[in-house]
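A look at the structure
Here is what each chain is made of, one letter per residue.
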Amino acid sequence: MRTGLQTTLAREAVLEGVGLHSGAPCKVRLRPARADDGIVFDLAALSSGPSRGRIRACIDSVIDTRLCTRLGNDAGGSIGTVEHLLAAATVIGVDNLLVEIDGDELPILDGSASPYVDALEEAGVASCQAPHRRLRILERVELVDGARSIIAEPYDGAVIEVSIDYADPAIGVQTVVLDLSDGESLKRLKRARTFCRLADVEAMRKAGLSRGGSLDNAIVVDGDKILNQSGLRDPQEFALHKALDLIGDLRLAGAPIEGRIVAVRPGHDLNTRFVKRLLERGGACELVPARVSGSGALGEPAGE
Ligand SMILES: [Zn+2]
């Protein structure tokens with residue numbers, strides 16, 4: 001039951017894996033944080049090298065959106081692939097979180113948000129003594145870039161609609177509509193893995209990217225074929241993953257969004273540009289105390 005108070009983790013959680021782009025081993029320790037801290041990445045606590053400081057998960061910290069969302073600070077520190085953890089914290093309903101990390105990228109794990117959601121749920125959620133707040137959409141805001149677009153509209157709840165359109169027959173055209181107060185939507189979202197084309201894997205490797213990518217942490221498609229032997233986890237896994245990425249990127253607005261989001265062919269660049277537009281447009285949104293609600297809603301603390 002949501003109490004109307006902010007939340008953090010009840011205990012620490014540790015995850016280890018490799019970075020999708022660096023291929024390097026990386027470890028992340030998720031720790032409780034204080035009320036109003038938000039989500040903060042600490043690049044110093046687990047690192048033996050020179051301190052690279054802390055980075056707050058907010059739109060002003062974004063420094064790169066090619067392939068993943070990367071945040072940086074003035075000390076030259078940066079952290080990539082933050083979107084799956086930010087999405088996990090959002091769907092579990094963790095407001096304040098300290099993320100200690102020893103690399104410059106969060107581990108890709110199985111390519112979905114499931115390992116992060118599971119770790120957060122296992123650690124448990126505790127209340128902080130400050131009111132939980134949401135970013136309520138007050139008027140329609142849109143960002144259109146050719147055939148790609150994101151629109152936010154006022155809505156009494158949190159609904160996200162994502163459409164994708166790929167030439168690859170294995171992906172094709174998909175649309176998902178997700179009510180984030182619905183447990184079934186959250187189960188589908190968290191399990192959806194990142195994906196790429198076989199041809200792109202070679203190109204990215206040549207560019208020094210995706211060194212940690214494999215069939216264990218990404219869906220790989222080649223024309224009309226899915227190369228992972230176990231196939232898809234959901235017939236709409238591609239659109240679901242784009243929705244997951246969008247939820248993670250939207251969290252950079254500083255609070256979970258209350259409204260209806262409609263995205264056509266979203267990506268990290270479009271997503272983060274949209275967050276900037278939303279926050280810069282005076283009167284388009286406001287931070288409001290969350291309504292106290294029953295179980296299953298977005299932002300529900302798990303295990304309470
Ligand atoms: Zn992703």
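Please read these numbers as outputs of a predicted model, since none were measured by experiment.

Among all positions of helix H3 (residues 183-191), only Ser185, Leu186, Leu189 and Lys190 are buried. Axial view of H3: buried residues confined to an arc of 125°, hence all on one face. Buried positions along H3 lie against helix H1 (83-92), helix H2 (114-123), strand S15 (173-179) and helix H5 (237-250).

So, about unusual backbone geometry. A positive phi angle is found at Thr81, which is not glycine, with a value near 55°. By the secondary structure assignment, Thr81 is in the loop between strand S8 (78-79) and H1. The exposure class of Thr81 is buried, given the 23 C-beta atoms found within 10 Å. Here the phi dihedral of Arg265 falls at roughly 55°; this positive angle occurs in a residue that is not glycine. Mapped onto the elements of the fold, Arg265 is located in the loop between strand S19 (257-264) and helix H6 (268-280). Owing to 17 C-beta atoms within 10 Å, Arg265 belongs among the partly exposed residues under this scheme.

Note that strand S4 (residues 39-42) and strand S9 (residues 97-101) share 4 bridges and pair parallel. Bridge pairing in S9 links Val40 to Leu98. Where S4 lies against strand S5 (residues 54-56), 3 bridges are found, and the strand directions are antiparallel. In the sheet register, Phe41 faces S5, and the bridge partner there is Ile55.

Turning our attention to the nonpolar core. Judged by nonpolar contacts, the single largest core of 78 residues is most densely connected at Ala88, Leu120 and Ala243. The leading source of residues in this core is H5, at 8 residues. Taken domain by domain, this core gets at least three of its residues from each of domain 1 (5-132) and domain 2 (134-289). Setting aside its immediate chain neighbours within four residues, Ala88 contacts Ala113, Tyr116, Val117, Leu120 and Lys190.

Before going further, it helps to spend a moment on the sheet that holds strand S17 (residues 219-222). A sheet is described by the order of its strands in space; here 3 strands give the open sequence S16-S17-S18, paired in mixed fashion. Edge strands, defined here as strands with exactly one partner in the open sheet, are strand S16 (195-197) and strand S18 (225-226). In this sheet, S18 lies alongside S17 in antiparallel orientation, the contact comprising 2 bridges. Looking at S18, one finds that Asp222 is bridged to Lys225. Across the sheet, helix H4 (residues 198-206) touches S16 and S17, and the angle it forms with S16 is around 90°.

Reading across the sheet, the 5 strands line up as S2-S3-S9-S4-S5 and stay open at both edges, with mixed pairing between neighbours. In the strand order of this sheet, the two ends are held by strand S2 (13-18) and S5, each with one partner. Strand-to-strand, the axes of this sheet are offset by a mean angle of 20°, without reference to chain direction.

Summing up the model confidence of the protein, the mean pLDDT is 91 and the portion of residues at 70 or higher is 94%. Low pLDDT, under 50, characterises residues 294-304; the stretch is placed with 32 contacts to residues that sit more than four places away or in other chains.

In this section: the environment of Asp165. Along the chain, Asp165 falls in strand S14 (residues 158-165). Among the residues examined, Asp165 registers 14 C-beta atoms within 10 Å and is labelled partly exposed. A sequence separation of 100 residues divides Asp165 from Arg265, and the C-alpha atoms of the two residues are 6.8 Å apart. When neighbours within four sequence positions are excluded, Asp165 is seen to be in contact with Val173 and Arg265.

Turning our eyes to something else, we now look at the domain arrangement of the protein. For the protein, the assigned domains are domain 1 (5-132) and domain 2 (134-289). Taking only C-alpha atoms, the centre of domain 1 and the centre of domain 2 are 19 Å apart. Every contact between the two is made by 31 residues of domain 1 and, on the other side, 33 residues of domain 2. For the side of domain 1 that touches domain 2, the secondary-structure elements that each account for two or more residues are H1 and H2. Looking at the side of domain 1 that touches domain 2, its residues break down into 17 nonpolar, 12 polar and 2 charged.

Here is what the cut-offs are and how they apply
Residues numbered from 1 in each chain as written. Predicted model: local features only at pLDDT ≥ 70, side-chain atom pairs only at ≥ 80, totals over all residues. Buried ≥ 20, exposed ≤ 12 C-beta atoms within 10 Å, placed from the backbone. Helix = DSSP H or I, 4+ residues; strand = E, 2+ residues; numbered from the N terminus. Arc of directions from axis to C-beta. Contact = placed C-beta atoms within 7 Å. Pairing = 2+ DSSP bridges. Core = buried A, V, L, I, M, F, W, Y, C linked by C-beta atoms within 7 Å. Domains from an automatic or database assignment. Axes fitted to C-alpha atoms, helices over the stretch in contact; angles between N-to-C directions. pLDDT = per-residue confidence, 0-100. Nonpolar A, V, L, I, M, F, W, Y, C, P; charged D, E, K, R; others polar.

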